[in-house]
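# A closer look at the structure
Chain residues, written in single-letter form:
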Amino acid sequence: MATDGSFLDRSTLATLSSAYLSAPVALATIGLDLKCLNGNLRLAAILGRPLSEIVGRHVDELVPGSSELVGRAFTRAGAGTPHFEREIALPGSDAVYLVTSEPFRDEAGAVVGLSLALIDITERRRVTDALIEMEQRIAFALENANQWIWELDIPANRVRRSSHWKAGLGYSPLDHVTGTEHVAWSVVNPEDRPQVLRRYQDLLDGKTDLFEATYRVQHKSGKWIWILGRGRIVERDGEGRPLRLLATSVDITRQKEIEEELGATVRQRERLERELVDANRRLTALSEMDALTELPNRRKFDEVLGREIHRSGVRRPTLALIMIDVDHFKSYNDLYGHIEGDECLRKVAETLRGSLRRAGDIVTRYGGEEFAAVLSDTDEASGIVVAGRMLEAVRALKLPHAGSSIGHVTVSIGVTLFDMTDPPNTGTLPATVIAAADRALYAAKQAGRNCIAVASTSSDGTLRAMVVTENGPGTSTTSRDLEARR
């Protein structure tokens, strides 16, 4: 009978019967007694039995345990819910089938049976399971990396994030996150938002292919955590305007903390290095300073003289070495005591230092009551001028000295010149220059002290010393020569 109540002719019935029998899915008709009323060839192939052995059999004989499933389908049909659908696996087979049922009724509308279809979904289930497994692995990897995926609908300015993003911020899936969750950039720290939006605008304007920004998002605990967001435009409209941004976010708070700790360590190390350099500089200064006079000491003198002689040897200029000795200082100590003697040396030292005019010149305490000055790039005349200033400055102190015929403290000064334009045959060792200056100082003392003498070495090794000032005030030269062999 057709749906309009008319009867189908035999030809049509034969066609329908043939179509039913050869349908590409397994078909079966089940009666109220749960016996198979009819089936097709595909059903016979699935069950592995001839169709003749299927018709009239109870469903449990065909598929053990299936009566419960079929019974529920009848119950739903009787309750007015005709459609029924379940997935089943046949015993002894890896195949998975989707079973769907529709009731058929008699003329009075009562349910008299079920029409079942078994559709092989084994491959679909395998693909679905594989996708589910892959999704679970990705979700696990993202969750363990404290990372999530998000997608931005650019025209709507709406964002959708992968399900576990809240877990990264300490929330449960049902918790509400501060701010409007689905509005783009709403969860970004307000202080960071301007630079994030600039990076985003650069992406929209085509200045870059990659969106990348570092910003803070508030954790449920109230702490601001650092996020690195990276993404690309994955969809554009027909005119090339960006429609969709796909990106990932990863928690880099620990990395930021390590960077800050490293920065603090580097800054502390730099500070300690500066302090160490300063301390070494101070120690060096102390090791090169005479504690009494606060002038450079003999060690510093040797270093400076050696350096200047080496420099002179390279550049071929001249340098002057001045040796100064406080006259009759032993008797000064005997008359006034060592405390006054130390004070006398301090005042003389300060006076000698004040007599220098150039930054590169240096006066040092050579030892005891002796001082030495090194004047770089200086000729003989200039060296004598400086020595004269020193002589007059000490005289001007008017420090009382009852043990001196003059009645106050004076100094004797010896000057020598190191000239690379006419070096002595004996070499250029500092000891040679010191010996010449010392001979000049000796000459000044032999001349009665309180004066200046100059020593020079000729090419044949002869050392000549000549007094160039009188014993009294003034700087007039004399013709008195003192010769000595080295």
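As a convention, each chain's residues are numbered from 1 in the sequence order in which they are written. Where local features are concerned, this predicted model is filtered to residues with pLDDT of at least 70; where side-chain atom pairs are given and counted, the filter is 80 or more; whole-chain, interface and lining totals use all residues. With hydrogens and water excluded, all non-hydrogen atoms of the structure serve as input to the side-chain values.

### Digging into the overall build of the protein
Helices and strands together make up the secondary structure of the protein, namely 13 helices and 17 strands. Contacts were defined at the residue level, with two residues in contact if any of their heavy atoms lie within 4.5 Å. For the protein, the proportion of contacts with a sequence separation of at least 24, taken over those separated by at least 6, is 51%. For the protein, the accessible surface area stands at approximately 27100 Å², while carbon and sulfur atoms represent 53% of it. Where helices and strands are cited, they refer to DSSP runs of H or I of at least four residues and of E of at least two residues respectively, numbered from the N terminus. Here the open area of atoms and residues is found with the Shrake-Rupley method and a 1.4 Å probe, where only the protein chains shown may cover a residue.

### Section: the side chain of Asn333
Along the chain, Asn333 turns up in helix H10 (residues 329-336). Exposed residues in this analysis have more than 50% of their type's maximum accessible area, buried residues have under 20%, and partly exposed residues fall in between, with area computed by a 1.4 Å probe over protein chains only. On the basis of relative accessible area, Asn333 is assigned to the buried category, the value being 16%. Apart from the residues within four sequence positions on either side, Asn333 is in contact with His338 and Gly341.

### Looking at the pairing of strand S13 (residues 370-376)
Across the seven residues that make up S13, a large majority, seven, are buried. What you see with S13 is no split at all: Glu370, Ala372, Val374 and Ser376 on one side and Phe371, Ala373 and Leu375 on the other are buried throughout. Pairing of strand S11 (residues 318-326) with S13 involves seven bridges; the strand directions are antiparallel. Its bridge partner lying in S13, Met323 is registered against Ala372. By the convention used here, strands pair only if DSSP detects at least 2 bridges between them. Where strand S12 (residues 362-367) lies against S13, five bridges are found, and the strand directions are antiparallel.

### Section: the sheet that holds strand S10 (residues 242-251)
A sheet is described by the order of its strands in space; here five strands give the open sequence S7-S6-S10-S9-S8, paired in antiparallel fashion. The strands lining the two open edges of the sheet, one partner per strand, are strand S7 (158-161) and strand S8 (211-218). Taking the axes of each pair of neighbouring strands and ignoring which way they run, one obtains an average angle of 30° across the sheet. Pairing of strand S6 (residues 147-153) with S7, which is carried by four bridges, proceeds in the antiparallel orientation. Bridging across to S7, Trp150 finds its partner in Arg161. The axes used here are C-alpha line fits, helices contributing only the stretch in contact, and every angle between their N-to-C directions lies in the interval 0 to 180 degrees.

### Observations regarding the packing of aromatic side chains
Ring geometry is summarised as follows: Phe, Tyr and Trp rings, the Trp one being its six-membered ring, pair when their centres sit within 6.5 Å, and such pairs are stacked at plane angles under 30 degrees, edge-to-face over 60 and tilted between the two. Taken as a whole, this structure holds seven aromatic pairs when the rule is applied. On the numbers, 5.8 Å between centres and 85° between planes, the contact of Trp150 with Trp185 is edge-to-face. Of this pair, Trp150 sits in strand S6 while Trp185 sits in the loop between helix H6 (165-168) and helix H7 (193-204); the two residues are 35 residues apart in sequence, bridging distant segments of the chain. Looking at Trp150, the relative accessible area reads 5%, which means it is buried.

### Side note on the confidence of the model for the protein
Taken as a whole, the protein shows an average pLDDT of 83; of its residues, 84% reach a score of 70 or greater. Per-element confidence in the protein is highest for helix H11 (residues 338-354), whose mean pLDDT is 96, and lowest for strand S17 (residues 481-484), whose mean pLDDT is 38. Predicted confidence is poor over residues 1-8, with pLDDT under 50, and the contacts of this stretch with residues over four places away or in other chains come to six contacts. The quantity known as pLDDT measures the predictor's confidence residue by residue, on a range of 0 to 100. The model gives residues 474-486 a pLDDT under 50, and that stretch makes 33 contacts with residues more than four places away or in other chains.

### Quick word on the sheet that holds strand S5 (residues 111-120)
Backbone-to-backbone hydrogen bonds join strands into a sheet, with any given pair of strands oriented parallel or antiparallel. Spatially, the five strands line up as an open sheet ordered S2-S1-S5-S4-S3, and their pairing is antiparallel. Lying at the two open borders of the sheet, with one neighbouring strand each, are strand S2 (36-39) and strand S3 (84-89). In this sheet, adjacent strand axes meet at a mean angle of 25° when their direction is disregarded. Relative to S2, strand S1 (residues 26-31) runs antiparallel, the two sharing three bridges. Looking at S2, one finds that Ile30 is bridged to Cys36.

### A short note on the environment of Gly367
Along the chain, Gly367 turns up in strand S12. For the pair formed by Gly367 and Asn297, sequence separation is 70 residues and the distance between their alpha carbons is 8.0 Å.

### Focus on the nonpolar core
Formed by 31 residues in total, the largest nonpolar core has its most connected members in Ile322, Val348, Phe371, Met390 and Ile413. At the level of elements, S11, H10, H11, S13, helix H12 (380-397), strand S14 (411-419) and strand S15 (452-457) are the ones that each hand at least two residues to this core. Not counting residues within four places of it along the chain, the set of residues in contact with Ile322 comprises Phe371, Ala372, Ala373, Leu375, Gly383, Val386, Ala387, Met390, Ile413, Gly414 and Val415. Here, nonpolar core refers to any group of buried Ala, Val, Leu, Ile, Met, Phe, Trp, Tyr and Cys residues whose side-chain atoms link them within 4.5 Å. Listed in part, the 29 residues of the second largest apolar core include Ala26, Ala28, Leu69 and Ala73.

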